[in-house]
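Results of the structural survey
If you want the building blocks of each chain, they are given just below.
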Amino acid sequence: YEAYYALGRHYQSIRDDCTHAEELLQKAIQLRPDEPKIIFSMGVCQEMLGHREDAMSTYAEAMRVVEAKHEKYSWPFQEMARLLLAQDPEQALKLAQRAVELQPDLDAAHQILAKVEDAMGKYPEAIAELLTVTRLDPSNASPHYALFVLYKKAHNPQAAEAQLKQFEELKALYAQP
């Protein structure tokens with residue numbers, strides 16, 4: 001299964017050929033139907049090909065496997081939260097919180113939780129999550145810009161300006177877009 005999975009990820013991420021990647025990942029799933037990373041990668045391909053409903057079903061299956069195996073793997077929860085945010089923010093919030101529970105040291109999990117909380121108007125909670133992101137990845141400029149925006153929404157102009165300054169310094173230092 002590992003060769004099919006590796007090739008599938010290669011075609012997905014390097015060659016940007018999700019049609020071929022899907023075929024390879026399907027073979028890997030046939031050999032290891034209990035491996036959430038393979039199932040998740042299949043969902044990513046489906047989403048990239050515009051098959052949103054299939055991707056959501058596949059992410060749900062990956063989440064089921066994660067829970068059944070008690071794995072510490074949050075990516076399917078993050079992606080499902082992102083997809084559900086517009087139509088079901090409460091469910092998106094639960095999934096994003098679960099992602100953080102599964103991988104508390106993964107900055108991406110905190111970023112999706114902050115995004116959901118921001119969309120729900122929970123600015124103090126979103127700010128706390130983004131501050132965690134800045135601690136987990138101190139060289140990343142983007143959470144500082146997101147904090148700038150959130151502090152403005154929360155009517156805290158001093159904190160907003162401090163975050164904008166930090167964003168500009170990190171962007172210049174690390175030449176980030």
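Structure report, in brief. (Residues numbered from 1 in each chain as written. Predicted model: local features only at pLDDT ≥ 70, side-chain atom pairs only at ≥ 80, totals over all residues. Heavy atoms only, no water.)

**Quick notes on the overall build of the chain**
Looking only at helices and strands, one finds 10 helices and 0 strands in the chain. Written out in order from the N terminus, the α and β elements of the chain read α-α-α-α-α-α-α-α-α-α. Dimensions of the chain, computed from C-alpha atoms along their principal axes, come out at roughly 55 × 35 × 30 Å. Here the chain holds 177 residues, and the buried ones make up 45% of them. Once local pairs closer than 6 in sequence are excluded, the contacts in the chain between residues at least 24 apart make up 50%. Summed over all atoms, the accessible surface of the chain reaches about 9,500 Å², with 53% contributed by carbon and sulfur. Computed over 19 positive and 27 negative side-chain charges, the inter-centroid distance for the chain is 1 Å. (Helix = DSSP H or I, 4+ residues; strand = E, 2+ residues; numbered from the N terminus. Buried < 20%, exposed > 50% of the residue type's maximum accessible area, 1.4 Å probe, protein only. Contact = heavy atoms within 4.5 Å. Areas by Shrake-Rupley, 256 points an atom, 1.4 Å probe, with all protein chains shown as cover. Lys, Arg positive; Asp, Glu negative; His and termini not counted. Charge placed at Lys NZ, Arg CZ, Asp CG, Glu CD.)

**Overview of the packing of helix H1 (residues 2-14) against helix H3 (residues 36-48)**
Contact geometry for H1 and H3: axes closest at 11 Å, N-to-C directions at 25°. Taken together, H1 and H3 sit at an angle that is classed as roughly parallel. Of the two possible hands of crossing, H1 and H3 adopt the one that is left-handed. Of H3, the residues touching H1 (which contributes Tyr5, Arg9 and Gln12) are Lys37, Ile38, Ser41, Val44, Cys45 and Met48. Here the residues of the contact of H1 with H3 sort into 5 nonpolar, 2 polar and 2 charged. (Axes fitted to C-alpha atoms, helices over the stretch in contact; angles between N-to-C directions. Parallel < 35°, antiparallel > 145°, perpendicular 65-115°, else oblique. Left-handed = near helix turned anticlockwise from the far one by under 90°. Nonpolar A, V, L, I, M, F, W, Y, C, P; charged D, E, K, R; others polar.)

**Side note on the environment of Val100**
With respect to the secondary-structure elements, Val100 resides in helix H6 (residues 89-102). The spacing of Val100 and Ile38 is 62 residues in sequence and 21 Å in space, taken between C-alpha atoms. Every residue in contact with Val100, bar those within four places of it in the chain, is listed here: Ala109, His110, Leu113 and Glu129.

**Quick notes on the packing of helix H8 (residues 123-136) against helix H9 (residues 142-153)**
The geometry of H8 relative to H9 is characterised by a closest axis approach of 10 Å and an angle of 160° between their N-to-C directions. Looking at the two axes, H8 sits roughly antiparallel to H9. Considering how the two elements wind past one another, H8 and H9 form a crossing that is left-handed. Every residue of H9 that contacts H8 at Tyr123, Ala126, Ile127, Leu130, Leu131, Val133 and Thr134 is listed here: Pro143, His144, Ala146, Leu147, Leu150, Tyr151 and Lys153. Broken down by class, the residue content of the contact of H8 with H9 amounts to 11 nonpolar, 2 polar and 1 charged.

**Re the nonpolar core**
By size, the foremost hydrophobic cluster in this structure holds 40 residues, and its most contacted members are Tyr59, Phe77, Met80 and Leu95. Of all elements in the fold, only helix H2 (18-31), H3, helix H4 (52-69), helix H5 (75-84), H6 and helix H7 (107-119) reach the threshold of two or more residues within this core. (Core = buried A, V, L, I, M, F, W, Y, C linked by side-chain atoms within 4.5 Å.)

**Digging into the packing of aromatic side chains**
Tallied over the entire structure, the rule returns 5 aromatic pairs. One aromatic cluster in this structure is built from Phe40, Tyr59, Tyr73 and Trp75. The ring of Tyr1 carries the charged tip of Arg32 above its face, separated from the ring centre by 4.8 Å. (Phe/Tyr/Trp six-rings, centres within 6.5 Å; stacked < 30°, edge-to-face > 60°. Lys NZ or Arg CZ within 6 Å of the ring centre and 35° of its normal.)

**Focus: the side chain of Gln46**
Within the secondary structure, Gln46 sits in helix H3. Note on Gln46: relative accessible area 10%, which makes it buried. Other than its neighbours up to four places away in sequence, Gln46 contacts Glu22, His51, Asp54, Ala55 and Thr58.

**Quick word on the side chain of Asp107**
Along the chain, Asp107 turns up in helix H7. The buried charged residue Asp107 lacks any salt bridge, with Arg135 as its nearest oppositely charged partner at 13 Å. (Salt bridge = Lys/Arg side-chain N within 4 Å of Asp/Glu carboxyl O.)

**What to know about unusual backbone geometry**
Unusually for a residue other than glycine, Asp16 sits at a positive phi of about 55°. When you line up the elements, Asp16 lands in the loop between H1 and H2. When its relative accessible area of 58% is taken as the criterion, Asp16 is described as exposed. Non-glycine residue His70 carries a positive phi angle of around 55°.

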